[in-house]
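A look at the structure
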Amino acid sequence: MTTALITGATAGIGAAFARRLATEGHNLVLVARNTERLQEQATELHDRHGIEAEVLPADLGTDDGIALVEKRLTDSRNAIDLLVNNAGFGNKGQFLDVPMADELTMLKVHCEAVLRLTSAVVPGMRARGRGGVVNVASVAAFLPRGTYGASKAWVVQFTQGAARDLAGSGVRLMALCPGFVRTEFHERAGMGTDNIPGWMWLDADKLVTAALADLSRGKSLSIPDPRYKALMGAVKLAPRGLLGGITSKTGRKYGPQ
Ligand SMILES: NC(=O)c1ccc[n+]([C@@H]2O[C@H](COP(=O)([O-])OP(=O)(O)OC[C@H]3O[C@@H](n4cnc5c(N)ncnc54)[C@H](OP(=O)(O)O)[C@@H]3O)[C@@H](O)[C@H]2O)c1
């Protein structure tokens, strides 16, 4: 039996990873800040699927929180076979609207935690000759969309570079780039979603199924939906200036997160 550690496991995309991996019989380590919610989720997954679900409350916006998860990831008696770096959030507003402390917390959760947790888990995986890391980025990584998109661009570049460095080691790294997904994300950030057309919304469970299939195929970048694959193909061809104009017109409140 293998064990997966998921950050941001209690809601949205992370909870969909937890459901899917539990269905497949993987034991889980569930990470988020809200302990009560983690415990409820662990009990439900254990009762429904008969797997072991550990809870690890940690705030990845702090050094202590990241260190706690690093420690679990390097416990060789209880090895982690799959790490899903999924925890994340959005700040409402454009550049200079958001307090610097919130911008720095975003970098800590989206970039520093992803770097440190990946670096903690991979040496053991490499020694065992197998393992996987999914780093949840966003299609915003490919658009000029403020500090959120910039942090997700870092995730994509870091993951694809590390995947290349680890080629042939048996360890797979993949950046997952969803478009809009119905989760708690937008409400938590206080972002309106009324202007987002229905066809742009993805289902978290279907997204996770497609992502895990891409990981098993050895992809280092996953854009799991044909609609977004086509959109991102168009983005690659469009002049940067035009893209900037379109994305700033749609407004940071409504852009792909
Ligand atoms: N929803 C979208 O449209 C969308 C699109 C593209 C990419 N993404 C990315 O997908 C990932 C998951 O987002 P989601 O939409 O599933 O969000 P969500 O529904 O708001 O869930 C966020 C999860 O992360 C946890 N979390 C937040 N801050 C944390 C912290 N400082 N330390 C530890 N855990 C933390 C939350 O639990 P606690 O509050 O208890 O900590 C929760 O479990 C994020 O990286 C996001 O950027 C989302």
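Values in this document were obtained by computation on a predicted structure and should not be read as measured data.

A look at the packing of helix α1 (residues 12-23) against helix α2 (residues 35-49)
- The interhelical angle for the contact between α1 and α2, taken along N-to-C directions, is 25°, at an axis separation of 10 Å. Relative to α2, the element α1 lies roughly parallel. In terms of crossing hand, the pair formed by α1 and α2 is right-handed. Facing Ala15, Ala18, Arg19, Ala22 and Thr23 of α1, the residues of α2 in contact are Gln41, Leu45 and His49.
- Residues of the contact of α1 with α2, tallied by class, amount to 4 nonpolar, 3 polar and 1 charged.

Overview of α1
- The first and last C-alpha atoms of α1 sit 17 Å apart over 12 residues, in line with the 16 Å expected at 1.5 Å per residue.
- Those residues of α1 that sit buried are Ile13, Gly14, Ala15, Ala16, Phe17, Ala18, Leu21 and Ala22.
- A positive backbone phi angle near 90° is found at Gly25, which sits one or two residues after α1.

Considerations on helix α7 (residues 204-216)
- With 13 residues, α7 extends 18 Å between its outermost C-alpha atoms, agreeing within 8% with the 18 Å of an ideal straight helix rising 1.5 Å per residue.
- Along α7, the positions that sit buried rather than exposed are Ala204, Leu207, Val208, Ala211, Leu212, Asp214 and Leu215. Projected down its long axis, α7 shows its buried positions confined to an angular sector of 155°, all on one face. Opposite its buried face, α7 presents the exposed residues Lys206 and Ser216, each directed more than 90 degrees away.
- The N-cap of α7, judged by a side-chain oxygen 3.2 Å from the amide nitrogen of Asp205 a few residues on, is Asp203.
- Directly beyond the C-terminal end of α7, a positive phi value near 85° is found at Gly218.

Thoughts on the site of the ligand
- The environment of the ligand is made up of 32 residues, and the closest members are Thr10, Arg33, Tyr148, Thr183 and Arg188.
- Arg188 places a polar side-chain atom, nitrogen or oxygen, 2.8 Å from an oxygen atom of the ligand.
- Structurally, the ligand is housed in the largest pocket.
- Broken down by secondary-structure element, the contributors of at least two residues to the shell around the ligand are α1, α5 (146-165), β7 (180-181) and α6 (185-189).
- At 3 residues, α6 tops the list of elements feeding residues into the shell around the ligand.
- Classifying every residue of the shell around the ligand gives 15 nonpolar, 12 polar and 5 charged.

What counts, and at which threshold
- Residues numbered from 1 in each chain as written.
- Predicted model: local features only at pLDDT ≥ 70, side-chain atom pairs only at ≥ 80, totals over all residues.
- Heavy atoms only, no water.
- Axes fitted to C-alpha atoms, helices over the stretch in contact; angles between N-to-C directions.
- Helix = DSSP H or I, 4+ residues; strand = E, 2+ residues; numbered from the N terminus.
- Parallel < 35°, antiparallel > 145°, perpendicular 65-115°, else oblique.
- Left-handed = near helix turned anticlockwise from the far one by under 90°.
- Contact = heavy atoms within 4.5 Å.
- Nonpolar A, V, L, I, M, F, W, Y, C, P; charged D, E, K, R; others polar.
- Expected span 1.5 Å × (residues − 1).
- Buried < 20%, exposed > 50% of the residue type's maximum accessible area, 1.4 Å probe, protein only.
- Arc of directions from axis to C-beta.
- Polar contact = N/O pair within 3.5 Å; in protein donor to acceptor, adjacent residues only side chain to side chain.
- Near = heavy atom within 4 Å.
- 1 Å grid on protein atoms, 1.4 Å probe; cavity = no way out; pocket = protein on both sides within 12 Å on 5 of 7 lines; lining within 4 Å.
- Sits in = over half its atoms within 2 Å of the grid points.

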